[in-house]
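Given next are the chains, with one letter for each unit.
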Amino acid sequence: MAKQLPAISDHLKAFIEAQHVYFVGTAAPDGHVNVSPKGMDSLRVLGPNRVAWLNVTGSGNETAAHLRQLPRMTVMFCALEGPPLILRLYGTARTVQPGDREWNDLAALFPPLPGARQVFVLDVDLVQTSCGMAVPLMDFRGDRDDLNGWAARQTPEQLDDYRQRKNTRSIDGFATGLPDTHATVS
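From a predicted model like this one, the values you see are computed outputs, not experimental measurements.

Draft legend 1. Focus on the overall build of the protein chain. Looking only at helices and strands, the protein chain has 5 helices and 8 strands in total. When the helices and strands of the protein chain are listed from N to C terminus, the series reads β-α-β-β-β-β-α-β-β-α-β-α-α. Roughly 10500 Å² of accessible area belongs to the protein chain as shown, and the carbon and sulfur atoms make up 54% of that amount.

Here's what the structure looks like:
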């Protein structure tokens, strides 16, 4: 049976910290809904009603585009090992980018990941648990290092060029808020 809670308990914090994968859901008022799987050591519980996750350069940047229009976010965890459990964190999120006042403090919470481009901070207003008894049991074999390896092989200029080509607009054409480093000054 689903339970709704006002905050992340110590028990749920331990559950979150033990997970190898989680899912982030966002949507703008129009366009596509986005659900993205996340991994690596990229999420921190900052308090009973706040989490942050470090986002690295990838093939898109839907979350940032959606939050500029509608700052709601859901983060979901599901037990793939051990007792069944699904945990959802609902709330209002914001984007922190390199150069923003909070960037250095937030980025310091995570291991340095090549290609780090933003941190998303979620202020949690509802925590919900449900049974998860239909979620399969799966064995964790290890993290994939493909994305980190790709980013580490890029020069800063190549990484910036990739972001400018692939990460400044969502699939629906919405701006993501990444600075336009290719803009010409007149």
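Draft legend 2. Spatial organisation of the environment of alanine 2. By the element assignment, alanine 2 lies in the segment before strand E1 (3–5). The class of alanine 2 is partly exposed, set by a relative accessible area of 46%. Note: C-alpha distance between alanine 2 and leucine 85 (83 residues apart in sequence) is 10.0 Å. In this structure alanine 2 touches Gln128, Thr129 and Ser130, once residues within four positions along its chain are discounted.

Draft legend 3. Examining the pairing of strand E2 (residues 22–27) more closely. Of all 6 residues making up E2, 5 are buried, and the element is well covered by its neighbours. Across 6 bridges, the pairing between E2 and strand E3 (residues 33–38) is antiparallel. Looking at E3, one finds that tyrosine 22 is bridged to lysine 38. Connecting E2 to the next strand, E3, in antiparallel fashion are 5 residues, including glycine 31 with a positive phi near 95°. Strand direction decides the pairing type here: E2 and strand E6 (residues 72–78), joined by 3 bridges, are antiparallel. Across the sheet, glycine 25 pairs through a bridge with threonine 74, a residue of E6.

Draft legend 4. Region of the structure containing the state of the cysteines. This structure, assessed with the given rule, holds 0 disulfides. Between cysteine 78, a cysteine without a disulfide, and cysteine 131, which holds the nearest cysteine sulfur, the sulfur-to-sulfur distance is 12 Å. According to the relative accessible area criterion, cysteine 131 is partly exposed, its value standing at 36%.

Draft legend 5. Main features of the side chain of glutamine 164. Along the polypeptide, glutamine 164 turns up in helix H5 (residues 156–166). When sequence neighbours within four positions are dropped, the list of residues in contact with glutamine 164 reads Pro179, Asp180, Thr181 and His182.

Draft legend 6. Layout of the pattern of salt bridges. Under the defined criterion, the tally for this structure stands at 5 salt bridges. Residues arginine 165 and aspartate 161 are paired through a salt bridge, measuring 3.0 Å at the closest nitrogen-oxygen approach. Of this pair, arginine 165 and aspartate 161 are both found in helix H5, 4 residues apart, which corresponds to roughly one turn of the helix. Owing to a relative accessible area of 53%, arginine 165 belongs among the exposed residues under this scheme.

Draft legend 7. Just the packing of aromatic side chains, in detail. Throughout the structure, instances matching the rule amount to 4 aromatic pairs. An aromatic cluster of three or more residues is present, and its members are Tyr22, Trp53, Phe77 and Phe120.

Draft legend 8. Quick look at the nonpolar core. With 24 residues, the main nonpolar core has Ile8, Met73, Val75, Phe77 and Leu89 as its most contacted residues. The element contributing the most residues to this core is strand E8 (residues 116–130), with 4 residues. Residues contacting isoleucine 8, with those up to four places away along its chain left out, are Lys13, Ile16, Val45, Gly47, Pro48, Val51, Leu89, Val124 and Val127. Counting 10 residues, the second-largest nonpolar core is a separate cluster that includes Val56, Val96, Leu106 and Phe110.

Draft legend 9. Geometry of unusual backbone geometry. Of note, methionine 40 is a non-glycine position whose phi angle comes to about 60°, a positive value. Tracing the chain through its elements places methionine 40 in the loop between E3 and strand E4 (43–47). The exposure class assigned to methionine 40 is partly exposed, which follows from its relative accessible area of 25%.

Parameters at a glance
Residues numbered from 1 in each chain as written. Predicted model: local features only at pLDDT ≥ 70, side-chain atom pairs only at ≥ 80, totals over all residues. Heavy atoms only, no water. Helix = DSSP H or I, 4+ residues; strand = E, 2+ residues; numbered from the N terminus. Areas by Shrake-Rupley, 256 points an atom, 1.4 Å probe, with all protein chains shown as cover. Buried < 20%, exposed > 50% of the residue type's maximum accessible area, 1.4 Å probe, protein only. Contact = heavy atoms within 4.5 Å. Pairing = 2+ DSSP bridges. Disulfide = S-S within 2.5 Å. Salt bridge = Lys/Arg side-chain N within 4 Å of Asp/Glu carboxyl O. Phe/Tyr/Trp six-rings, centres within 6.5 Å; stacked < 30°, edge-to-face > 60°. Core = buried A, V, L, I, M, F, W, Y, C linked by side-chain atoms within 4.5 Å.

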